[in-house]
Structure formats: structure tokens, C-alpha cells
Amino acid sequence: MYNPYAVTLLALEAQRVVELRLVKLALGGADGQLEAHRMVSEKISAFIEASGTLMTGGSVDVVVARYRENVAANEKRLTAT
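Thresholds applied
Residues numbered from 1 in each chain as written. Predicted model: local features only at pLDDT ≥ 70, side-chain atom pairs only at ≥ 80, totals over all residues. Heavy atoms only, no water. Helix = DSSP H or I, 4+ residues; strand = E, 2+ residues; numbered from the N terminus. Expected span 1.5 Å × (residues − 1). Buried < 20%, exposed > 50% of the residue type's maximum accessible area, 1.4 Å probe, protein only. Contact = heavy atoms within 4.5 Å. Polar contact = N/O pair within 3.5 Å; in protein donor to acceptor, adjacent residues only side chain to side chain. Core = buried A, V, L, I, M, F, W, Y, C linked by side-chain atoms within 4.5 Å. Salt bridge = Lys/Arg side-chain N within 4 Å of Asp/Glu carboxyl O. 1 Å grid on protein atoms, 1.4 Å probe; cavity = no way out; pocket = protein on both sides within 12 Å on 5 of 7 lines; lining within 4 Å. Points joined across faces, edges and corners; volume = space filled by probe spheres on them. Nonpolar A, V, L, I, M, F, W, Y, C, P; charged D, E, K, R; others polar.

A look at helix 1 (residues 4-27)
Taking 1.5 Å of rise per residue, 24 residues should cover 34 Å, and helix 1 covers 35 Å from first to last C-alpha, within 8% of that figure. By the burial criterion, the buried members of helix 1 are Ala6, Leu10, Val17, Leu20 and Arg21. Packed against the buried residues of helix 1 are helix 2 (29-55) and helix 3 (60-79). Sitting at the head of helix 1, asparagine 3 places a side-chain oxygen 2.9 Å from the backbone nitrogen of tyrosine 5. Downstream of helix 1 by a residue or two, glycine 28 has a phi angle that is positive, lying close to 70 degrees.

Quick notes on the environment of glycine 58
Secondary-structure assignment places glycine 58 in the loop between helix 2 and helix 3. According to the relative accessible area criterion, glycine 58 is partly exposed, its value standing at 26%. On a C-alpha basis, the gap between glycine 58 and leucine 10 in space is 18 Å, while along the polypeptide they are 48 residues apart.

Side note on the nonpolar core
Burial of nonpolar side chains together is a common tendency in soluble globular proteins. Among the nonpolar cores identified, the biggest contains seven residues, and these are Ala6, Leu10, Val17, Leu20, Val64, Val71 and Leu78. Every residue in contact with leucine 10, bar those within four places of it in the chain, is listed here: Val64, Tyr67, Arg68 and Val71.

Observations regarding the pattern of salt bridges
On inspection of all chains with the given rule, the structure shows nine salt bridges. Linking glutamate 13 and arginine 68 is a salt bridge whose minimum nitrogen-to-oxygen distance equals 2.6 Å. Here glutamate 13 is found in helix 1, whereas its partner arginine 68 is found in helix 3, with 55 residues between them in sequence. Among the ionic contacts, a cluster of salt bridges with common partners joins Arg21, Glu35, Arg38, Glu42 and Arg77.

Let's talk about the layout of surface pockets
Approximately 420 Å³ is the volume found for the largest pocket. Residue lining of the largest pocket: 18 residues in total, with Arg21, Glu42, Lys43, Val71 and Asn74 positioned closest to the centre. Mapped onto the lining of the largest pocket, the elements with two or more residues apiece are helix 1, helix 2 and helix 3. In terms of residue count, helix 2 provides more of the lining of the largest pocket than any other element does, seven residues in total. Looking at the lining of the largest pocket residue by residue, the classes come out as eleven nonpolar, three polar and four charged.

Written out as C-alpha cells, the structure is:
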């Protein structure tokens, strides 16, 4: 069974990262291009990691917790000045 509270938090936290990434992409330049590449590679890596976790008997809660860690790291990186 998964924790719907954690899934809801993940959705809200991820929305903030989407907002920050859209701003960076809209500004363009080398930073925007780097962010676009980073975004795609992170999604592929996260998919592979989540698949491996589930295939080896891990729970959805473990996957959601890991995604939340990644989202928090992205928010911290994108809001750093």
C-alpha cells in the first residue's frame, strides 16, 4: 500500500520544480540548454532506478521517497543564487 500523503507532497513539490525549470528554459542561452539536457537525463535515470527498485521487490513508497529526494535536490539547485 502506498502513502497518498507522500504522493500528494511529491506532486506539489514537483510542480515547483517544473515552474523553476520553465523559467530557466524561457531565459534560454547555455543555462537553458544545459537544463533541458539535465532534465531529460534525470528522467531517464529516475525511470531506470524506479524500475529496478520495483523489480527487486521494493515498494512504491520507496520509489516515491527517492523521487522526493531528487525533486528537493533540484529545487535547491534551481533556487541557488
